[in-house]
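# Commentary on secondary and tertiary structure
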Amino acid sequence: MEPILRLQDVSVNFSGLQALTKVTFNSHAGEVRAVIGPNGAGKTTLFNAISGYVGSTEGTIYFKGMPIHGLSPHEISIKGVRRTFQNGGLFPELTALENVLAGLHVQIDSSFLGIVMGLGEAREAEREGIARARRLLDLMDLGAIADQPVKDLSGGQQRMVEIVRTLATEPPLLLLDEPVVGLSPPMRDRMMEIIRRLAGEEGIGIMLIEHVIDLVMSGSDVIVVLSSGEVIAEGTPDEIRQNREVLEAYLGHA
Ligand SMILES: Nc1ncnc2c1ncn2[C@@H]1O[C@H](COP(=O)(O)OP(=O)(O)OP(=O)(O)O)[C@@H](O)[C@H]1O
Ligand SMILES: [Mg+2]
């Protein structure tokens, strides 16, 4: 199967600081791929490089066989690589539902659709968008707060809303930067369950950055270990658990 994402020798240098060095790997549709590593290892920079937020990226990045390195974040997002940020990015005054719809409007622009399809069909598309957004919020147990302003929600609920907003567009590739930070343990489990379902049933390729090692071990198909900007290991949870270099460099014991 053609990989959904191919990274070849991806390097990032921030005026002298080598944040990533020749990162190379492929990821596939339907796969949950975790990126782990100590603070400052380059995990977020890797996501920034893939999604076009670092200008100084060297190497090549192919999404569905097409080069995306050098494109703007907006262009990359439109192609179907969607991401969340480590520190949110919701509209606090809007309701959870409205925030999710705002995410959908990356794809469904009703005025544009109105011109192309006629107003009736645009309204239909919008109705479908609202129904889909409500279904997703329900799935995350957020149905009851769908119509509350996001600023009134707990940190964990806001995080869930952000993720719902990102996945509402059913992107082929989803990059989640620390998706369970701030969630209670039951909500963490729920989130991982949903992530697994999105990969397994919808065939979405998911890459996630995660510090909670138990979740990574139980919830991912493949783990990439970064240390000082380099991939020091890539493999299944079982392989990573037994990797000596990883144990020494990252888990702090051998
Ligand atoms: N825009 C930037 N300009 C300069 N240096 C940066 C920039 N972004 C990241 N860095 C540096 O690059 C290195 C990697 O940072 P990055 O944020 O990718 O780490 P991380 O693995 O996501 O860490 P954490 O687990 O703390 O989120 C760090 O030394 C960081 O200070
Ligand atoms: Mg980070």
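So, how was this worked out
Residues numbered from 1 in each chain as written. Chains lettered and ligands numbered in written order. Predicted model: local features only at pLDDT ≥ 70, side-chain atom pairs only at ≥ 80, totals over all residues. Helix = DSSP H or I, 4+ residues; strand = E, 2+ residues; numbered from the N terminus. Rg over C-alpha atoms; globule rule 2.2 N^0.38 Å. Contact = placed C-beta atoms within 7 Å. Buried ≥ 20, exposed ≤ 12 C-beta atoms within 10 Å, placed from the backbone. Near = placed C-beta within 6 Å. Nonpolar A, V, L, I, M, F, W, Y, C, P; charged D, E, K, R; others polar. Domains from an automatic or database assignment. Pairing = 2+ DSSP bridges. Axes fitted to C-alpha atoms, helices over the stretch in contact; angles between N-to-C directions. Left-handed = near helix turned anticlockwise from the far one by under 90°. Arc of directions from axis to C-beta.

Next up on the list: the overall build of the protein chain. A tally of regular secondary structure across the protein chain gives 10 helices and 10 strands. In terms of C-alpha radius of gyration, the protein chain reaches 19 Å, essentially the compact-globule figure of 18 Å for 254 residues. Projecting the C-alpha coordinates of the protein chain onto the three principal axes gives extents of approximately 60 × 40 × 35 Å. Pairs at least 24 residues apart make up 66% of the contacts formed inside the protein chain by residues separated by at least 6 positions.

Let's shift gears to helix 1 (residues 43–50). Within helix 1, seven of the eight residues are buried, which leaves the element mostly enclosed by the surrounding structure. Among the residues making up helix 1, those that are buried are Lys43, Thr45, Leu46, Phe47, Asn48, Ala49 and Ile50. Of the residues one or two after helix 1, Gly52 is the one with positive phi, at around 90°.

Lining the immediate environment of ligand 1, one finds Phe14, Leu17, Ala19, Gly37, Asn39, Gly40, Ala41, Gly42, Lys43, Thr44 and Thr45. If you tally residues by element for the shell around ligand 1, the top one is helix 1, at three residues. Considering only residue class, the shell around ligand 1 consists of four nonpolar, six polar and one charged.

Right, let's get into the domain arrangement of the protein chain. As assigned here, the protein chain comprises domain 1 (1–80 + 171–254) and domain 2 (90–169). Relative to domain 2, the C-alpha centre of domain 1 lies at a distance of 26 Å. The partner domain 2 presents 11 residues to the 13 residues of domain 1 that form the contact. Among the elements of the structure, strand 7 (173–177) and helix 7 (185–202) are those that each provide at least two residues to the side of domain 1 that touches domain 2. Partitioned by chemical class, the residues of the side of domain 1 that touches domain 2 number nine nonpolar, three polar and one charged.

Right, let's talk about the environment of Ile130 for a bit. Turning to its location among the elements, Ile130 is positioned in helix 5 (residues 119–139). Exposure remark for Ile130: the 16 C-beta atoms within 10 Å place this residue in the partly exposed category. Through-space distance from the C-alpha of Ile130 to that of Leu104 is 9.3 Å; in sequence the pair is 26 residues apart.

Another aspect to go through is the pairing of strand 1 (residues 5–14). Across seven bridges, the pairing between strand 1 and strand 2 (residues 17–27) is antiparallel. Opposite Phe14, over in strand 2, you have Leu17 as the bridge partner. Here strand 1 pairs with strand 4 (residues 57–63) via six bridges, running antiparallel. The residue of strand 4 that forms the bridge with Val12 is Thr57.

So, on to the packing of helix 3 (residues 96–104) against helix 6 (residues 155–167). How two helices sit against one another is set out by the angle between their axes and by the gap between those axes. Orientation of helix 3 relative to helix 6, taken along the N-to-C sense of each, is 30°, at an axis distance of 7 Å. Helix-helix and strand crossings are classified by hand; for helix 3 and helix 6 the assignment is right-handed. Residues Ala96, Asn99, Val100 and Gly103 of helix 3 pack against Val161, Val164, Arg165 and Thr166 of helix 6. When the residues that make up the contact of helix 3 with helix 6 are grouped by side-chain class, the tally is four nonpolar, three polar and one charged.

The next subject is the sheet that holds strand 10 (residues 230–235). Pairing within the open sheet is mixed, and its six strands lie in the order 6-7-8-3-9-10. Of all strands in the sheet, those with a lone pairing partner are strand 6 (81–83) and strand 10, marking the two edges. Direction aside, neighbouring strands of the sheet carry axes that sit 20° apart on average. Two elements, strand 9 (residues 222–227) and strand 10, share five bridges in a ladder whose sense is antiparallel.

A few words on helix 3. Regarding helix 3, the residues found buried are Ala96, Leu97, Asn99, Val100, Gly103 and Leu104. Buried residues of helix 3 fall within an arc of 160° about the axis and therefore sit on the same side.

Take the pairing of strand 9 next. Counting buried residues in strand 9 gives five out of six residues, a clear majority hidden from the surface. Two strands pair when backbone bridges link them, and strand 3 (residues 32–36) and strand 9 are joined in this way by four bridges, in the parallel orientation. Residue pairing for strand 9: Val35 is matched across the bridge by Val224. The hairpin formed by strand 9 and strand 10 contains two residues between the paired strands, and Ser228 there has a positive phi angle of roughly 45°.

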